[in-house]
Amino acid sequence: MDFIKTVSKDNTLKKLSEKEISDFRNHLQGTLLLAGKEGYDESRSVWNGMIDRKPALIVQCQNSADIQTALAFIRKHNFILSVKGGGHNVAGSAVCDGGLMIDFSKMKEISVDAESKKIKVEAGATWAELDTAAQKQGLAVPGGVVSTTGVAGLTLGGGIGWLRRKYGLACDNLISAEVITANGEKIIASEQQHADLFWAIKGGGSGFGVVSTFEFQAHPVGPEVFFSPVFYPATEAEQIIKSYREKSRSMPNEVSTFLIYGTVPAGEPFPDKWHNEDYILIASMYTGKVEEGEKVLKPYRELGQPIADFSGIMPYTNVQSFFDEDYPKQELHYYWKSIVAKELSDAAISMFIELGKNRPSPLTTVDIWQLGGAIDQVPHSQTAYPHRNAQHLIAIESNWEKHLPDQENIEWTKNAIRELLPFTEGSSYLNFEDAETEDVKRAQGSHHKKLQEIKNKYDPENIFN
Ligand SMILES: Cc1cc2nc3c(=O)[nH]c(=O)nc-3n(C[C@H](O)[C@H](O)[C@H](O)COP(=O)(O)OP(=O)(O)OC[C@H]3O[C@@H](n4cnc5c(N)ncnc54)[C@H](O)[C@@H]3O)c2cc1C
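Residues numbered from 1 in each chain as written. Predicted model: local features only at pLDDT ≥ 70, side-chain atom pairs only at ≥ 80, totals over all residues. Heavy atoms only, no water.

What to know about the sheet that holds strand E12 (residues 210-217)
- Strand order in the open sheet made by the five strands is E7-E8-E12-E10-E11, with antiparallel pairing throughout. The open sheet has two edge strands with one neighbour each: strand E7 (110-113) and strand E11 (186-190). Averaged over all pairs of adjacent strands, the angle between strand axes in this sheet comes to 15°, irrespective of strand direction.
- Bridge analysis of strand E10 (residues 174-180) against E11 gives five bridges, and the strand direction is antiparallel. Opposite Glu178, over in E11, you have Ile188 as the bridge partner.
- The strands touched by helix H4 (residues 127-135) are E7, strand E8 (118-122) and E12; relative to E7, the strand with the most contacts, the crossing angle is about 30°. (Pairing = 2+ DSSP bridges. Helix = DSSP H or I, 4+ residues; strand = E, 2+ residues; numbered from the N terminus. Axes fitted to C-alpha atoms, helices over the stretch in contact; angles between N-to-C directions. Contact = heavy atoms within 4.5 Å.)

Listed below in structure tokens is the structure:
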């Protein structure tokens, strides 16, 4: 090989000589991966099986100096850039075709200060890794509900999980971040320093800089919690969802709930007679004493005759990974969208049920996340996350076997959102969106203009798309 082909931002092909590549490699402490080399395919692989992109160069950074070196190379050659944290973005925005990908998989250092309850975590860590380290000190940072997801992307887009109504979004618990800006400068963003950038990365998404380290405020949680996943027959959907809506109004902030319309898998631990039938799952976690949790969550276990009730005391880390096996990496094709709602009207519930009944794939779910609580207590202007007063997030998670038609599932998902529009606020949650500009704008909602101004200040040449 005397050169490799790369794609520049203006879409022109560019050749890099072997000397240019080896000079670049010599300036890195981490690893430079090229197509055909060991580790390249694993590094470029992301969670969604629909994504198969091939960067010309991958830098597995060892430290922030490597990020600076990679960004200098990008600026010099005007390459397309992508950044991979946990690789779970539904649209696969972590990986680019023909450009340079910064891969954080070798930067996973986590340090926990048990006294101040502050945790510093490098941008390559997953929530499973952060939870394990934090739980050793009886602590947790609000994350998501699937443990394989990256800390980085989830936090930058907001971050809703089992602790959300008690302790807020992941981004609400961010104290500071080390950021490498487009011009290669290493800065700390916090309330005191670069406060505008700090505001933007709290729920405004990626694209403002490369975050190398996050510093979080953690909270005492567990080690055991009361978790209550109760499956009801979807034939009773209307009554179950309306009763849930009623009871959810008076639930304390300790309770965070997730309602799912899905299909019972044909296997253990579900009774045979329910295999392949549709269910409504009410899954809740109580953040507090387990005995209290059992008492408080009882009403959700009495909404009807359940198919199965798996409620009980379990380690917090098990709750965090409860849904992991439903979302295998690369094995399925995925396309997700969402829409926020201030209230769940009867009409919204009817439409939700209609969509649940008509899912084109049995692996697809339609979900309602209860928001509110601590999320709502943060002033709207304090962070870039724009949906503080929405009490519900309706998510369409289309998941299908690889051999099934992509387009049919994608179109169904987009149409589902159109159908929900009249009953909701119209805006969506950034972390469940694909990368189309209009969708990002919709998800950034009322903060879009301010986010654009901050983007123009910190990334005037639009290095981070
Ligand atoms: C199975 C599954 C479950 C999920 N569950 C939840 C959930 O419970 N709650 C929730 O809120 N969301 C959830 N999400 C959505 C998730 O928050 C987003 O997909 C998020 O983008 C994942 O972050 P990541 O680091 O894994 O992804 P990546 O694809 O690596 O990154 C996401 C975006 O952030 C950018 N980025 C990554 N790292 C950095 C960095 N260090 N600096 C700057 N930019 C960076 C990437 O370029 C990319 O555009 C889930 C997603 C999946 C696939």
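Regarding the sheet that holds strand E5 (residues 81-84)
- Ordered in space as E3-E4-E6-E5, the four strands form an open sheet in which the pairing is mixed. Unpaired on one side and paired on the other, strand E3 (31-34) and E5 mark the two borders of the sheet. On average, each strand axis in the sheet is tilted by 20° relative to the strand beside it, whichever way the strands run.
- Examined bridge by bridge, E5 and strand E6 (residues 100-103) share four bridges and lie parallel to one another. Residue pairing in the sheet places Leu81 in a bridge with Leu100 of E6.
- Most of the contacts of helix H3 (residues 64-77) go to E6, to which it runs at about 170°, and overall it touches strand E4 (57-60), E5 and E6.

Let's talk about the packing of aromatic side chains
- Taken as a whole and assessed by the stated rule, the structure comprises 25 aromatic pairs.
- Judged by centre distance (6.4 Å) and plane angle (20°), the ring pair of Trp162 and Phe323 falls under stacked. Taken together, the positions of Trp162 in the loop between helix H5 (151-156) and helix H6 (164-167) and Phe323 in the loop between helix H10 (316-320) and strand E19 (332-341) put the pair 161 residues apart, joining distant regions of the chain.
- Since its relative accessible area comes to 4%, Phe323 is described here as buried.
- Across from the ring centre of Trp199, 3.8 Å away, lies the NZ or CZ of Lys450, which sits over that ring. (Phe/Tyr/Trp six-rings, centres within 6.5 Å; stacked < 30°, edge-to-face > 60°. Buried < 20%, exposed > 50% of the residue type's maximum accessible area, 1.4 Å probe, protein only. Lys NZ or Arg CZ within 6 Å of the ring centre and 35° of its normal.)

So far we have only geometry, and geometry alone does not tell us how the molecule works.
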